[in-house]
Amino acid sequence: MSITFSAERLWNSLMEMARVGARPDGGVDRLALTEADGAARALLRDWAEAAGCTLAVDGLGSMVLTYPGADPSLPAVAVGSHLDSVPTGGKFDGAYGVLIGLEIVRALHAAGKHTRAPICIVNWTNEEGARFAPPMAASEAAMGFTDAAAVLATPDRFGTTTYGAALDAAGWRGTRDPAEARRFAAYFEAHIEQGPVLEREGIPLGIVTHGFGVNYCTITVQGQDGHIGSRMDDRRDALVGAAEVILTLESIAHGTAGRGLASATRLALEPDARGNIPSVVRLVASLRNIEQDGLDAMKATLAAACQEITNRRGMPISIDYVSGYPSVRFDAVLLDRLRRAAEAAGLRHRDLPTPIGHDALHLGRVVPSAMLFIPCHGGLSHNPAESITPEWSAAGLAALGPAVIETAGGLA
């Protein structure tokens with residue numbers, strides 16, 4: 001007996017979830033561990049429990065909803081992503097990957113069937129990092145790459161609370177050990193591409209072979225405070241030095257033949273005054289590369305360029321790498337299952353990497369993992385105008401559903 005997945009039910013769930021934290025412009029605002037995020041979690045809980053799942057919440061707030069398998073001794077196959085958003089988020093980023101897992105379970109439950117191994121739906125806490133930096137901290141800690149206590153102590157971007165305090169206030173601190181996620185037999189994550197390739201090429205499915213390595217850093221340029229009326233030759237303007245660093249980041253990325261990316265995203269000036277030349281500028285930046293060797297080379301080039309600016313301008317520049325993760329290759333067996341499922345459904349697909357971070361990049365370092373992309377219009381994401389078609393949503397379900405059931409040992 002085969003399982004019939006309902007693309008319509010998945011679409012309707014996406015639309016209903018989008019009403020939680022809805023913005024007037026059509027987007028969503030569900031910052032992690034806010035009231036809106038809590039409402040989204042409660043809705044997912046209610047839907048999943050109605051489909052035969054039991055809920056466990058770990059000590060970092062991540063939700064694990066388990067649909068039992070015929071053999072409870074087998075490790076579970078997990079499907080997940082996140083329900084939190086950026087302040088000006090869209091309807092599909094993250095939510096698609098959680099609710100597609102829900103639809104797989106709903107289809108099994110409606111048919112009165114189980115796979116041999118359990119299937120888990122996972123909603124990772126604070127994937128976006130929009131409220132508590134860095135992003136993906138809950139999955140990173142679950143996989144053992146950062147300390148859970150440090151995550152709980154993380155202050156929010158407004159300086160008003162901590163991750164742990166917000167978790168308690170929201171009522172979503174659980175007792176499950178986050179490290180239990182390392183026992184998953186496999187992990188699947190479906191996501192909108194957040195890029196233009198699939199739509200541009202008219203291909204409904206992307207098989208994500210690997211993720212870029214990423215390093216986030218704070219770069220500090222130290223100059224000398226002074227009056228804006230001082231002679232140009234006598235200045236050590238830290239903002240001018242920082243401008244050179246920003247242009248250097250762009251140049252480094254362009255020099256990778258399309259294999260690397262670099263961005264400066266935030267600037268802080270001291271003193272931040274109309275009449276003063278800045279004496280200290282701190283900028284937040286990220287470096288990304290398709291290969292770890294390439295990422296290491298970008299970091300070395302940045303260090304050399306900053307030293308040259310220091311020597312020429314007399315401004316000490318420091319680079320402090322605060323977080324990141326290595327380039328990750330996804331599991332070949334799981335990727336092949338996605339390809340075969342796509343072909344069985346008559347759906348075109350292509351391989352591609354992801355330059356954008358997802359929880360699967362941390363899971364993939366420990367647990368056999370795979371990612372599947374569907375297109376989004378114009379590649380636009382983290383924007384209220386983010387959109388997909390019901391047909392693209394259905395294509396992802398047609399490929400992911402059979403692959404997950406096969407990985408869970410098939411129907412019992």
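Here, the structure is the one placed above.
Bear in mind the structure is a predicted one, so any value in this text is a computation, not a measurement.

1. Things to note about the overall build of the chain
Now for step 1: Counting its secondary structure elements, the chain contains 12 helices and 15 strands.
Now for step 2: In terms of overall dimensions, the chain is globule-like: its C-alpha atoms have a radius of gyration of 23 Å, near the 22 Å expected for 412 residues.
Now for step 3: Pairs at least 24 apart in sequence give 78% of the contacts found in the chain among residues at least 6 apart.
Now for step 4: Total accessible area on the chain is roughly 16400 Å²; 52% of this is exposed by carbon and sulfur atoms.
Now for step 5: On the chain, the mean spot of the 35 positive side-chain charges and the mean spot of the 46 negative ones are 1 Å from each other.

2. Thoughts on empty space enclosed by the protein
Now for step 1: A complete count under the given rule lists 3 cavities of 30 Å³ or more for this structure.
Now for step 2: If you add up the space inside the largest cavity, you get close to 50 Å³.
Now for step 3: Considering the residues around the largest cavity, the lining is formed by Pro134, Pro135, Met136, Glu140, Tyr216, Ser323, Gly324, Tyr325 and His362.
Now for step 4: Per-element tally for the lining of the largest cavity: the top contributor is strand β12 (residues 317-325), with 3 residues.
Now for step 5: Its residues assigned to classes, the lining of the largest cavity shows 5 nonpolar, 3 polar and 1 charged.

3. A look at the pattern of salt bridges
Now for step 1: Summed over all chains, the structure comprises 21 salt bridges.
Now for step 2: Residue Asp25 pairs with Arg23 through a salt bridge whose shortest N-O separation is 2.7 Å.
Now for step 3: Salt-bridge contacts for Asp336 lead to Arg340; the nearest nitrogen and oxygen are separated by 3.2 Å. On the criterion of helical spacing, the pair formed by Asp336 and Arg340 is a turn pair, its members being 4 residues apart in helix α10 (residues 332-344).
Now for step 4: Shared partners join several salt bridges into a network, and the residues in it are Glu244, Glu308, Arg312 and Arg313.

4. Describing the state of the cysteines
Now for step 1: For the structure on display, the rule yields 0 disulfides.
Now for step 2: Unpaired in terms of disulfides, Cys217 finds its nearest cysteine sulfur in Cys306, a separation of 8.3 Å.

5. So, the nonpolar core
Now for step 1: Tyr163, Phe184, Phe188, Leu338 and Leu400 are the most contacted members of the largest nonpolar core, which totals 100 residues.
Now for step 2: Element by element, the count of residues in this core is highest for helix α3 (residues 95-111), at 10 residues.
Now for step 3: Non-local contacts of Leu338, meaning those with residues more than four positions away in its chain, are made with Phe188, Ile207, Ala370, Met371, Leu372, Ala399, Leu400 and Ala403.
Now for step 4: Core analysis: the next-biggest nonpolar cluster, separate from the first, contains 21 residues, Val221, Val281, Met315 and Ile317 among them.

6. So, the side chain of Asp359
Now for step 1: Structurally, Asp359 can be placed in helix α11 (residues 359-363).
Now for step 2: Despite its burial, Asp359 remains without a salt bridge, the nearest opposite charge being carried by Arg41 at 10 Å.
Now for step 3: Those residues in contact with Asp359, other than ones at most four positions away along the chain, are Ser81, His82, Trp124, Glu127, Met136, Ser139, Tyr187 and Glu189.

7. Considering helix α9 (residues 292-313)
Now for step 1: For α9, spanning 22 residues, the distance from its first C-alpha to its last is 32 Å, which sits close to the expected 32 Å at 1.5 Å a residue.
Now for step 2: Residues of α9 that are buried make contact with β7 (213-222), α8 (238-254), β9 (260-270), β11 (280-289) and β12.
Now for step 3: Directly beyond the C-terminal end of α9, a positive phi value near 70 degrees is found at Gly314.

8. Quick look at the side chain of Glu193
Now for step 1: Within the secondary structure, Glu193 sits in the loop between β5 (186-192) and α7 (197-201).
Now for step 2: Buried charge without a partner: Glu193 forms no salt bridge, and the closest opposite charge is Arg200, 7.0 Å away.
Now for step 3: Excluding its chain neighbours within four sequence positions, the residues that come into contact with Glu193 are Leu198, Leu352, Phe373, Ile374 and Cys376.

9. Side note on the sheet that holds β11
In any sheet, the strands associate via hydrogen bonds between backbone groups, in a parallel or an antiparallel arrangement.
Now for step 1: Spatially, 4 strands are ordered β9-β11-β7-β12 in an open sheet, and the strand pairing comes out antiparallel. Since the sheet does not close on itself, it has two edges, and those belong to β9 and β12, each with one partner. Neighbour to neighbour, the strand axes of the sheet diverge by 20 degrees on average, direction disregarded.
Now for step 2: Bridge count for β7 against β12 is 8 bridges, and the pairing is antiparallel. Across the sheet, the residue bridging to Val214 is Tyr325, located in β12.
Now for step 3: Docked against the sheet, α8 engages β7, β9, β11 and β12, running at close to 5 degrees with respect to β11.
Now for step 4: Each of β7, β9, β11 and β12 touches α9; the most contacted strand, β11, lies at about 155 degrees to it.

Conventions and cut-offs
Residues numbered from 1 in each chain as written. Predicted model: local features only at pLDDT ≥ 70, side-chain atom pairs only at ≥ 80, totals over all residues. Heavy atoms only, no water. Helix = DSSP H or I, 4+ residues; strand = E, 2+ residues; numbered from the N terminus. Rg over C-alpha atoms; globule rule 2.2 N^0.38 Å. Contact = heavy atoms within 4.5 Å. Areas by Shrake-Rupley, 256 points an atom, 1.4 Å probe, with all protein chains shown as cover. Lys, Arg positive; Asp, Glu negative; His and termini not counted. Charge placed at Lys NZ, Arg CZ, Asp CG, Glu CD. 1 Å grid on protein atoms, 1.4 Å probe; cavity = no way out; pocket = protein on both sides within 12 Å on 5 of 7 lines; lining within 4 Å. Points joined across faces, edges and corners; volume = space filled by probe spheres on them. Nonpolar A, V, L, I, M, F, W, Y, C, P; charged D, E, K, R; others polar. Salt bridge = Lys/Arg side-chain N within 4 Å of Asp/Glu carboxyl O. Disulfide = S-S within 2.5 Å. Core = buried A, V, L, I, M, F, W, Y, C linked by side-chain atoms within 4.5 Å. Buried < 20%, exposed > 50% of the residue type's maximum accessible area, 1.4 Å probe, protein only. Expected span 1.5 Å × (residues − 1). Pairing = 2+ DSSP bridges. Axes fitted to C-alpha atoms, helices over the stretch in contact; angles between N-to-C directions.

Just geometry here; none of it tells us what the structure is for.
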